[in-house]
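# Examining the three-dimensional arrangement
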Amino acid sequence: PLPAAQRAALEAALATAFIDERSGAPLATHAVVVVRGGRLLAERYSAGTDAQKPLLGWSMTKSVMATLLGRMIFLGRAAGVAEPVLAREWSAPDDPRRAITLEHLLRMTSGLEFLADYEVPWSDSLRMLFVAEHAAAYAADKPLVHPPGTRWSYSDGSTNLLARWIQERAGATLAEQLAFARRELFAPLGMSTAVISVDAGGTWVGSSLMQASARDWARLGLLYAQDGRWGEQRLLPDGWVDFVAAPTAGNAARSYGAGVWRYDAELLRDGDGHPVPAELGSTFYFAGHDQQFVWIDRARRIVIVRLGLADERFAPATFAARLVRLLSE
């Protein structure tokens, strides 16, 4: 329960994600969920959407892959992020791509050629997702254009290589691999609606294609807000949340970590260089195409989810900051 005035202010803040304050016209938001201290404080849905409906997270799936890798390291099924990827396409002993590590894939510093764009029809992102039969193989075939670890460049291909690496170590069959994700991550968090789609070859499209309800996306965010713990159980390695939230070298805005986006407390700029409110200075977040967001404020243990379609009238950072400010009172 919240004091009546704070409850009214919270509901009014949620409404700004669904109704344009200036015109009164509906916005393209489908779902908003707000959690503080592990408790569901508020949620709201558009017509046709409810608390159980899975919604596509697009590139928030990259954060899921980072989480699965952390879980695998915690279970001793991976040595650590410094482990070389050694994709089968790089089997030649003199192939320079053999220097690429898991951390390079997580931090988008692999050095592999890749044009990440959802508007240009010939971009690697669209060709990989909608033309190639094997998404990871498409990415693995790309040449090295920079030494690994020296240049930051956002790449859907890097995460699909990571997804295949995780999946191959999760089990010998697709059924075993899917069971690993459910048993080791989704089930402990109570994420009953989460589904990761596969490509034509049966490999997770880890860059883009997981669906889950807004509440389940919030559960994943809460795992990070609780430093990788769920109740009394630790699911992620000690220090993993600090690792993923730390800025990646070479990213000028300090806006990208390891599978997550972040706001930098000093720069207060987003990945496009736009200013963000000071309330978000300690916040990191999952982000996906069409304005999918899970914001995580560890200090206040606040998780905010927004799912829907892109809408130029909706200002994500302003919305999240308003809620953080309200819930900090």
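No experiment lies behind these values; they were computed from the predicted model shown. (Residues numbered from 1 in each chain as written. Predicted model: local features only at pLDDT ≥ 70, side-chain atom pairs only at ≥ 80, totals over all residues. Heavy atoms only, no water.)

### What to know about the sheet that holds strand β2 (residues 39–45)
In space, the 6 strands of this open sheet follow the order β2-β1-β11-β10-β9-β8, with antiparallel pairing throughout. Looking along the sheet, the strands with just one partner apiece sit at the ends: β2 and β8 (261–262). The sheet contact formed by strand β9 (residues 283–288) and strand β10 (residues 292–297) spans 6 bridges and is antiparallel. Within the sheet, the bridge partner assigned to Thr 283 lies in β10 and is Asp 297. Packed onto the sheet, helix α8 (residues 214–225) meets β1 (29–36), β2, β9, β10 and β11 (302–308) and runs at close to 145° relative to β11. (Pairing = 2+ DSSP bridges. Helix = DSSP H or I, 4+ residues; strand = E, 2+ residues; numbered from the N terminus. Contact = heavy atoms within 4.5 Å. Axes fitted to C-alpha atoms, helices over the stretch in contact; angles between N-to-C directions.)

### Some thoughts on helix α7 (residues 174–189)
In an α-helix, one turn spans 3.6 residues, which is why side chains three or four residues apart end up on the same side. The end-to-end C-alpha distance of α7, which contains 16 residues, comes to 22 Å, matching closely the 22 Å that a straight helix rising 1.5 Å per residue would cover. By the largest-angle criterion, Arg 183 marks the main kink of α7, which is about 40°. Inspection of α7 places Gln 177, Phe 180, Ala 181, Glu 184, Leu 185, Phe 186 and Leu 189 among the buried residues, and these make up the whole buried set. On its buried face, α7 is in contact with α2 (61–74), α6 (156–170), β4 (195–196), β5 (210–212), α8 and β6 (229–230). Following α7 by one or two positions, Gly 190 has its phi on the positive side, about 75°. (Expected span 1.5 Å × (residues − 1). Bend = angle between axes of the 7 residues up to and from the residue. Buried < 20%, exposed > 50% of the residue type's maximum accessible area, 1.4 Å probe, protein only.)

### With respect to the pattern of salt bridges
A complete count under the given rule lists 23 salt bridges for this structure. Arg 215 is the partner of Glu 43 in a salt bridge, and the nearest nitrogen-oxygen pair spans 2.5 Å. Within this pair, whereas Glu 43 is found in strand β2, its partner Arg 215 is found in helix α8, the two being separated by 172 residues in sequence. Accessibility expressed as a relative area gives 30% for Arg 215, which makes it partly exposed. The residue Arg 313 makes a salt bridge to Asp 311 at a minimum N-O spacing of 2.8 Å. Using a relative accessible area of 9% as the deciding quantity, one classes Asp 311 as buried. (Salt bridge = Lys/Arg side-chain N within 4 Å of Asp/Glu carboxyl O.)

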